[in-house]
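# Observations on the model geometry
Here are the chains, one letter per residue:
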Amino acid sequence: MVMKHKCLQDVWDKWYGLDSFHDIYRGIGGREKQFGTYWRKGVVSNHHFSRTKRCINGITQFAKKNKMKESEAIAILEDSFKESKSSVYNLLKKLMSSGHVKTKASRGKKKKS
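Quick caveat: nothing in here was measured; it's all calculated off a predicted structure.

## Quick look at the packing of aromatic side chains
Summed over all chains, the structure comprises three aromatic pairs. The interplanar angle of 35° and the centroid separation of 5.4 Å between the aromatic rings of W15 and F49 together place this pair among those described as tilted. In this pair, W15 is assigned in helix α1 (residues 8–16) and F49 in helix α3 (residues 46–65), connecting sequence segments 34 residues apart. No difference in accessibility class separates W15 from F49, as the two residues are buried.

## Some words on the pattern of salt bridges
Side chains bearing opposite charge may pair, as long as their charged atoms lie close to each other. One pass over the full model with this rule turns up two salt bridges. For R31, the salt bridge is made with D23, and the minimal N-O distance between the two is 2.6 Å. According to the relative accessible area criterion, R31 is partly exposed, its value standing at 22%. Residue E83 is joined to K94 by a salt bridge in which the shortest nitrogen-to-oxygen separation is 3.3 Å. Residue E83 is located in helix α4 (residues 70–83), and its partner K94 is located in helix α5 (residues 88–97); the two are separated by 11 residues in the primary sequence.

So, how was this worked out
- Residues numbered from 1 in each chain as written.
- Predicted model: local features only at pLDDT ≥ 70, side-chain atom pairs only at ≥ 80, totals over all residues.
- Heavy atoms only, no water.
- Phe/Tyr/Trp six-rings, centres within 6.5 Å; stacked < 30°, edge-to-face > 60°.
- Helix = DSSP H or I, 4+ residues; strand = E, 2+ residues; numbered from the N terminus.
- Buried < 20%, exposed > 50% of the residue type's maximum accessible area, 1.4 Å probe, protein only.
- Salt bridge = Lys/Arg side-chain N within 4 Å of Asp/Glu carboxyl O.

Following this line, the structure appears as structure tokens:
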């Protein structure tokens, strides 16, 4: 997994193993279903993986809420992705602020008041 993608369609294709990212496991999502977290050890940043997964789920939710196909949602969200400097994390923040992705509670140490 690369940290920056040229376009949102590449993120989607890599996740599902489509077009030039085709492989026998059906992409990153297929590996995750088949092997769980085992395949990720030493291969990818867990933060980047989690953000990418949430971004993919956000695209799906955006498409469902607007009653459109995922390909149409990707085309609409492409401009936001470019404005986000082609960063999955920045797009995820936009999807969270628009309510398409739920904001996760902070884990770890409690903040001092």
